[in-house]
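Observations on chain architecture
Okay, here's what each chain looks like letter by letter:
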Amino acid sequence: MDNQAVNSKKIAAGKAIEYIRNGMTLGLGTGSTAYWAIQGIGEMVKHGLSVKAVATSIQSESLARELNIPLIPFSEVDRLDITIDGADEVDEKLNLIKGGGGALLREKIVAAATRFYIIIVDESKLVRHLGKFPLPVEVAPFGWELTMRRLSELNCTPRMRMAGDKPFLTDNQHYILDCAFGEILDPAGLHRKVSDITGVMEDGFFINMADIVVAGSPGGETRILNKPA
Ligand SMILES: O=C(CO)[C@H](O)[C@H](O)COP(=O)(O)O
């Protein structure tokens, strides 16, 4: 990753953590942008901030532990005050494609329990229509070949995500099929069709979930995009 992209991510994360207040329960995202938010929260905790958090992946949980961010089991959570997470694409209505890091299922469960869901991206992730980034679809290993055929009937080219010469396994022990649809004009409609396929555990569409998107630019500016009314 080039330094400019790193800077944009860091800047966006720095802005997002300004929304955090003492006593909040937080959701910690996954990926190279969420990494900076977790680092920032760790720094705030070091300086006396009192929060509790749940993580959206084993990776983010380990990072939070290293930084002494107090973690609670998700079973103890009813509502999270704020979750800060990254995204692979953001459209003009703040619909997202997520799951490039393979954490989409936990990320969506955490997002759905969140009062104020903040997405942080470098500005290159902002698009008019979703779809240039292949849609990650988390599927059950049992019968995945059939699930893949059903997905391809929706006019996409699915590919098994690999980790070396083996299928990539999510934290939930599922596979990921990355589905190249090309430009998607109706993400909500397509989300329904994908979700209807048996064997699909979750897809990477996050429709109408983000409250704000903080986009960082390499020059150090941030832009805050609000969910359309
Ligand atoms: O959805 C995700 C992980 O499942 C990430 O948030 C998404 O892939 C963006 O990652 P990054 O910040 O590294 O570009």
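What counts, and at which threshold
Residues numbered from 1 in each chain as written. Predicted model: local features only at pLDDT ≥ 70, side-chain atom pairs only at ≥ 80, totals over all residues. Domains from an automatic or database assignment. Contact = placed C-beta atoms within 7 Å. Helix = DSSP H or I, 4+ residues; strand = E, 2+ residues; numbered from the N terminus. Nonpolar A, V, L, I, M, F, W, Y, C, P; charged D, E, K, R; others polar. UniProt positions renumbered as here; feature names shortened; annotations may be inferred. Core = buried A, V, L, I, M, F, W, Y, C linked by C-beta atoms within 7 Å. Buried ≥ 20, exposed ≤ 12 C-beta atoms within 10 Å, placed from the backbone. Pairing = 2+ DSSP bridges. Right-handed = clockwise from strand over helix to strand, strands pointing away.

Notes on the domain arrangement of the protein chain
Each assigned domain of the protein chain is listed with its residue range as follows: domain 1 (3-124 + 207-218) and domain 2 (135-201). Between the C-alpha centres of domain 1 and domain 2 the distance comes to 24 Å. Opposite the 12 residues of domain 1 that make contact, domain 2 presents 12 residues. Element by element, the count of residues in the side of domain 1 that touches domain 2 is highest for helix 4 (residues 104-112), at 3 residues. Across the side of domain 1 that touches domain 2, the residue classes tally to 6 nonpolar, 5 polar and 1 charged.

Observations regarding the UniProt feature "active site" (unreviewed entry) in the protein chain
When the UniProt feature table is mapped onto this chain, "active site" (unreviewed entry) is found at Glu107. Setting aside chain neighbours within four positions, we find Glu107 in contact with Gly29, Thr30, Thr56, Asp85 and Lys98.

A closer look at the nonpolar core
Counting 56 residues, the largest nonpolar core has Ala16, Ala37, Ile119 and Ile120 as its most contacted members. In contact with Ala37, other than residues within four places in its own chain, are Ala13, Ala16, Ile17, Gly29, Ile84 and Ile120.

A short note on the pairing of strand 1 (residues 25-28)
Of the two faces of strand 1, both are covered, the one formed by Thr25 and Gly27 as well as the one formed by Leu26 and Leu28. Pairing of strand 1 with strand 2 (residues 52-55), which is carried by 4 bridges, proceeds in the parallel orientation. Note on strand 2: the bridge partner recorded for Thr25 is Lys52. As for the winding sense of the linkage, the β-α-β connection from strand 1 through helix 2 (residues 34-46) to strand 2 is right-handed. With 3 bridges connecting them, strand 1 and strand 3 (residues 80-85) associate as parallel partners. Bridging across to strand 3, Leu26 finds its partner in Ile82.

Considerations on the sheet that holds strand 4 (residues 89-90)
Judged by pairing direction, the sheet is antiparallel, and its 3 strands sit side by side in the order 4-5-13 without closing on themselves. Each end of this open sheet is capped by a strand with a single partner; those strands are strand 4 and strand 13 (205-206). Of the pairings in the sheet, the one linking strand 4 to strand 5 (residues 96-97) comprises 2 bridges and is antiparallel in character. If you follow Val90 over to strand 5, its bridge partner there is Leu96.

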